[in-house]
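Now for the letters of each chain:
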Amino acid sequence: MCASLMYYSIFLCIFQDQDKEYVGFATLPNQVHRKSVKKGFDFTLMVAGESGLGKSTLVNSLFLTDLYKDRKLLNAEERITQTVEITKHTVDIEEKGVKLKLTIVDTPGFGDAVNNTECWKSVADYIDQQFEQYFRDESGLNRKNIQDNRVHCCLYFISPFGHGLRPLDVEFMKALHEKVNIVPILAKADTLTPTEVKKKKIKIREEIEQYGIKIYQFPDCDSDEDEDFKQQDHQLKESIPFAVIGSNTVVEAKGKRVRGRLYPWGIVEVENSAHCDFVKLRNMLVRTHMQDLKDVTRETHYENYRAHCIQNMTRMVVKERNRNKLTRESGTDFPLPVVPGVGDETEKLIREKDEEVRHADQQPDSHHHYDHEHESEHYSAHHEPSESESNAECVTFPCIGL
């Protein structure tokens, strides 16, 4: 009994000594985890490519949902005059208590017209619009509940019929590779033999490098990563472009019910790594690289857009100030004429604001007999800024010209 009390006293002293040296910041990851799970996650995925390559089927297979219930398929005559549209499908998915707001951006009509000149322009404009909206929101006063609708990843579907990339594929990826993370997809891989798939992957990778297309680059593994993770990362890099098969049909194969496609000569299993790269693509998008896709979007693509916006705004402000300075020095009561081709909506707003300030400064000050310091204190104490005044900076300097 005495020995037990002695050991307990020794253990208590050691624990108390360790507790004194324990600060507690090691629990920060747990705090971030709880907060993130409570807030939920969001991810925006764009799919682009010709009709009939299995984009809708693959998306439904990836996230085990049906996002295209009310889709209407156009006939050949209607596709002739069809223009590229941008459609959004949003669904809330929950798995083991973790909530994900998934937004799928589809591009029906892309590449289906007789003349496909600049058919990617509406897609690029949509990505820029989401950047602009986020830039406006984060520049305002109320930044608590900003909706992040920026496109984090674009799955571009490449036709399996042909000898590599087509001119339309090259122009699309070159137009968007600095705006979004592009992940090339070799569609309908079940139409190719394993040898053909391997040759076509090599050919597409060579052409991507030849034309200087910047697709999404997987981050390098850290030196302390285990060998299994390094091997998995190497396999992902070798799988570009992902040869995928999509199916929402459950078939029976070898006594098991699996998702696949039933042919007269056998069954192609969607989730069989020996048949296609569907599992690798799903793991990359959801389990291993979703956060990195969002980080690259925020730190690279959006920052490039934001820097371009600020440069344009600064250039416009400096130009307008120099114009007003010349106007005051010349003693004229009218602004200098705008050089043709330079004036736009933003400069017009800037000139109107500067004219109001200039005319206000020229008004007689005879009726102001009270202390200006008192006026300033009274205004700040009783005046509540309206919503339009709060967002005046955002309205005055819109980002254009990208």
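Residues numbered from 1 in each chain as written. Predicted model: local features only at pLDDT ≥ 70, side-chain atom pairs only at ≥ 80, totals over all residues. Heavy atoms only, no water.

Points about the overall build of the protein chain
The following threshold applies: Helix and strand definitions here come from DSSP, where helices need a minimum of 4 consecutive H or I residues and strands a minimum of 2 consecutive E residues; each element is numbered from the N-terminal end. Burial classification: accessible surface area is computed with a 1.4 Å probe over protein chains only, and a residue below 20% of its type maximum counts as buried, one above 50% as exposed, and the rest as partly exposed. Residues count as neighbours in contact if any of their non-hydrogen atoms are within 4.5 Å of one another. In short, Shrake-Rupley with a 1.4 Å probe defines the accessible areas, and a residue's cover is counted only from the protein chains shown.
Per the secondary structure count, the protein chain includes 14 helices and nine strands. Sorting the 402 residues of the protein chain into buried and exposed places 36% on the buried side. Long-range contacts, defined here as pairs at least 24 residues apart, represent 70% of the contacts in the protein chain between residues at least 6 apart. Counting only carbon and sulfur atoms, one obtains 52% of the accessible surface of the protein chain, whose full area is about 25800 Å².

Side note on the nonpolar core
Where we set the bar: Residues belong to one nonpolar core when they are buried, are Ala, Val, Leu, Ile, Met, Phe, Trp, Tyr or Cys, and are joined through side-chain atoms within 4.5 Å.
By size, the foremost hydrophobic cluster in this structure holds 74 residues, and its most contacted members are L155, F172, F242, L281, M284 and L285. Among the elements that line this core, the one with the most residues is helix α5 (residues 121-139), at seven residues. Here L281 is in contact with L58, L155, I185, F242 and V244, once residues within four sequence places are set aside.

Looking at the pattern of salt bridges
Threshold: Within this document, salt bridges are pairs made up of a side-chain nitrogen of Lys or Arg and a carboxyl oxygen of Asp or Glu, the two lying within 4 Å of each other.
The full count for this structure, using the stated rule, is 17 salt bridges. Notably, a salt bridge pairs D42 with K294, separated by 3.6 Å at the nearest N-O pair. With D42 in strand β1 (residues 41-48) and K294 in helix α10 (residues 290-330), this residue pair connects regions lying 252 residues apart in the sequence. Judged by relative accessible area, D42 falls into the partly exposed class, the value being 27%. According to the relative accessible area criterion, K294 is buried, its value standing at 14%. Ionic contacts of the salt-bridge type, sharing partners, join the residues E50, R166 and D169 into one network.

Looking at the packing of aromatic side chains
Using the following cut-off: Each aromatic pair joins two rings of Phe, Tyr and Trp (for Trp, the six-membered one) with centres within 6.5 Å, and gets the label stacked for planes under 30 degrees apart, edge-to-face for over 60, and tilted for any other angle. By definition here, charges over rings are those cases where NZ of Lys or CZ of Arg is within 6 Å of the ring centre and within 35 degrees of the ring normal.
Counted by the stated rule, this structure contains six aromatic pairs. With a centroid separation of 5.4 Å and 75 degrees between ring planes, the pair formed by Y216 and F218 is classed as edge-to-face. Each member of the pair, Y216 together with F218, is buried. The structure contains a cluster of three or more aromatic residues connected by ring pairs, namely F131, Y134, Y302 and Y305. The aromatic ring of Y134 is capped on one face by R150, whose charged end is 3.8 Å from the ring centroid. A cation over an aromatic ring shows up here: R150 above the ring of Y302, its NZ or CZ 4.9 Å from the ring centre.

Observations regarding the confidence of the model for the protein chain
Filter applied, for reference: As a per-residue measure, pLDDT tells how confident the predictor is, with possible values from 0 to 100.
The pLDDT averaged across the protein chain works out to 76; a share of 70% of its residues lies at or above 70. Low pLDDT (under 50) marks residues 364-398, which in the prediction has 19 contacts with non-local residues, meaning those over four places away or in another chain.

Some thoughts on the UniProt feature "site: Important for dimerization" (unreviewed entry) in the protein chain
Here is the rule: UniProt positions are given in the numbering used here, feature names are shortened, and annotations may be inferred rather than shown by experiment.
Mapped onto this structure's residue numbering, the UniProt feature "site: Important for dimerization" (unreviewed entry) falls at F161. By the secondary structure assignment, F161 is in the loop between β4 (153-158) and α6 (167-176). Residue classification places F161 among the exposed positions, given a relative accessible area of 55%.

Side note on the side chain of S159
For clarity, the cut-off: Each polar contact in these results corresponds to two N or O atoms within 3.5 Å; when the atoms are within protein, one needs to be able to donate a hydrogen and the other to accept it, and residues that are neighboring in sequence are counted only if both atoms are side-chain atoms.
Counting through the fold element by element, S159 comes out in the loop between β4 and α6. S159 sits in the buried class, given a relative accessible area of 10%. There is a polar contact of 3.2 Å between the side chain of S159 and the backbone nitrogen of F161. In contact with S159, other than residues within four places in its own chain, are L53 and L186.

Digging into the sheet that holds strand β3 (residues 98-106)
Applicable threshold: Two strands pair under a simple rule: DSSP has to find at least two bridges between them. Geometry is summarised by axes, namely lines fitted to C-alpha atoms with helices restricted to the contacting stretch, and by angles between N-to-C directions that run from 0 to 180 degrees.
Reading across the sheet, the six strands line up as β2-β3-β1-β4-β5-β6 and stay open at both edges, with mixed pairing between neighbours. Edge strands, defined here as strands with exactly one partner in the open sheet, are β2 (87-95) and β6 (242-243). Note that β1 and β3 share seven bridges and pair parallel. Among the inter-strand pairings, L45 is bridged to a residue of β3, identified as I104. Docked against the sheet, helix α3 (residues 55-63) engages β1, β2, β3 and β4, running at close to 175 degrees with respect to β3. Here helix α7 (residues 194-210) sits on the sheet and contacts β4, β5 (182-186) and β6; the angle it forms with β5, its principal contact strand, is near 150 degrees.

Considerations on the packing of α3 against helix α9 (residues 278-288)
What counts here: Here the angle decides the label: under 35 degrees means roughly parallel, over 145 means roughly antiparallel, 65 to 115 means roughly perpendicular, and every other value means oblique. In a left-handed crossing the near helix is turned counterclockwise from the far helix by less than a right angle, and in a right-handed crossing that turn is clockwise.
Across the interface, α3 lies against α9 with an axial gap of 10 Å and an inter-helix angle of 65 degrees. Regarding the angle of α3 to α9, the classification is roughly perpendicular. Pair α3 / α9 crosses with right-handed handedness. Together, L58, S61, L62 and F63 of α3 and F278, L281, R282, L285 and V286 of α9 make up the contact between the two elements.

Regarding the environment of G266
Relative to the helices and strands, G266 is located in strand β9 (residues 266-269). Separated by 13 residues in sequence, G266 and A253 place their C-alpha atoms 9.1 Å apart.

Topic: the environment of D292
With respect to the element layout, D292 can be found in helix α10. Aside from chain neighbours lying at most four places away, what touches D292 is Y216 and P219. Within the structure, D292 has its side chain in polar contact with the side chain of Y216 (distance 2.4 Å).

Describing unusual backbone geometry
Only a minority of non-glycine residues have a phi that is not negative, and only a minority of peptide bonds are not trans. A cis amide bond links I240 with the next residue in sequence, P241, at an omega value of -10 degrees. Looking at where P241 falls in the secondary structure, it is placed in the loop between α8 (227-238) and β6. Positive phi, close to 55 degrees, is recorded for K96, a residue that is not glycine. Structurally, the position occupied by K96 is in the loop between β2 and β3.

Comments concerning the sheet that holds strand β8 (residues 256-263)
The strand order across the open sheet built from three strands is β7-β8-β9, with neighbouring strands paired in antiparallel fashion. Both edges of this open sheet fall to β7 (250-253) and β9, since each of them pairs with a single strand only. Pairs of neighbouring strands in the sheet enclose a mean axial angle of 70 degrees, with direction left out of account. Relative to β9, β8 runs antiparallel, the two sharing four bridges.

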